[in-house]
Amino acid sequence: MLNEGLKKYGIDYQSYLLLKAGIKPVIRLTIGENLQKHFEKFCNDLNLFVSIKRFNEIYNQELKVPVFIAYISTSEILAEKAYYAEYNANRKELGRMLGYPKCCVDEYVNRLLNKNLDYMVDCLLKTEGLNSFYCNFLFNFDSKLNSEGEQILKNNREIFERYKIYFLIKHIPCNFNCKNSIKLGEITFKLLKDELPELTRKIEFVLKKPILYFDYFNWIIFDGIVDGNELLYKQILPIKSLFPADKLKIIKKCNMIRCLDNKIFVLKNERVVLNMNKEYGSRGVIINFV
Ligand SMILES: [Zn+2]
């Protein structure tokens, strides 16, 4: 099965379909040295060109262990272009080669100046109007983690690995209502629906649900509706995060979250059952995706 082959090398189906449709110029991924020969054959069998390059340093940072990056494209020129963009630490050009909207790439480059920025919260703060589910990148960890985050992901891979298929855009949008990202998400949705309708329905179902969000690894997804700073819910989706189990158990038995400036209240039939302090200022927000 094609999907299984792609998975084996860490290529998501969404990116593959966009590449084949001529919308995404290049797919970029890191690849183990021992897999290279097999991977080259796999790409060639799919009529794709692949260029694998060794990096001893990246974005002016020396690497302890060299990394091998594969640039996959229908065109050799485009694959090489993506490599040179990365080699020259030109993030804006690389973003363009990966098919990401310019507005989002520019914003991403600005955001890199702040190492501890939470991209989800920053996107929410920058959003005017509705948060589009096409722009929900909760499950996509690419490009958003600092070294501390990388370590947490590494230690909990078995939890987060299984959700990484839930996305319709691969990049971090400039905000949750970015028109260019929504357009790209819609195209991805259509392509994926033709190939894997059941999975596509599931992705839509999950991405459209409201989230009580704390950080990249701590969140709860609800089957419920949001009204201002309140979230009225029937149940919690069985999608695990690192949110503390004892608190989650209480929240499961309740039916409303009220999010204030410094506190979050959990209520059952209007009666407060649990209150949580917002430990890091804005951390602990309701994000309502539609
Ligand atoms: Zn954008």
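Please read these numbers as outputs of a predicted model, since none were measured by experiment.

## Quick notes on the domain arrangement of the chain
Splitting the chain by domain gives domain 1 (1-99), domain 2 (101-207) and domain 3 (211-287). Inter-centroid distance (C-alpha atoms) of domain 1 to domain 2 is 19 Å. Tallying the contact residues gives 12 residues for domain 1 and 13 residues for domain 2. Residue assignment for the side of domain 1 that touches domain 2 shows that the elements contributing at least two residues are helix H2 (13-20) and helix H5 (91-97). The greatest single-element share of the side of domain 1 that touches domain 2, amounting to 5 residues, is contributed by H2. Looking at side-chain class alone, the side of domain 1 that touches domain 2 contains 5 nonpolar, 3 polar and 4 charged residues.

## Let's talk about helix H11 (residues 197-207)
For an α-helix, the turn length of 3.6 residues means that residues three or four places apart are oriented alike. Turning to H11, its buried residues number three or more, namely Thr200, Ile203, Val206 and Leu207. In an axial view of H11, the angular spread of the buried residues amounts to 130 degrees, which keeps them on one side of the axis. Facing away from the buried side of H11 by over 90 degrees, the exposed positions are Pro197, Glu198 and Arg201. Where H11 is buried, its residues touch helix H10 (179-195).

Cut-off values and rules
Residues numbered from 1 in each chain as written. Predicted model: local features only at pLDDT ≥ 70, side-chain atom pairs only at ≥ 80, totals over all residues. Domains from an automatic or database assignment. Contact = placed C-beta atoms within 7 Å. Helix = DSSP H or I, 4+ residues; strand = E, 2+ residues; numbered from the N terminus. Nonpolar A, V, L, I, M, F, W, Y, C, P; charged D, E, K, R; others polar. Buried ≥ 20, exposed ≤ 12 C-beta atoms within 10 Å, placed from the backbone. Arc of directions from axis to C-beta.

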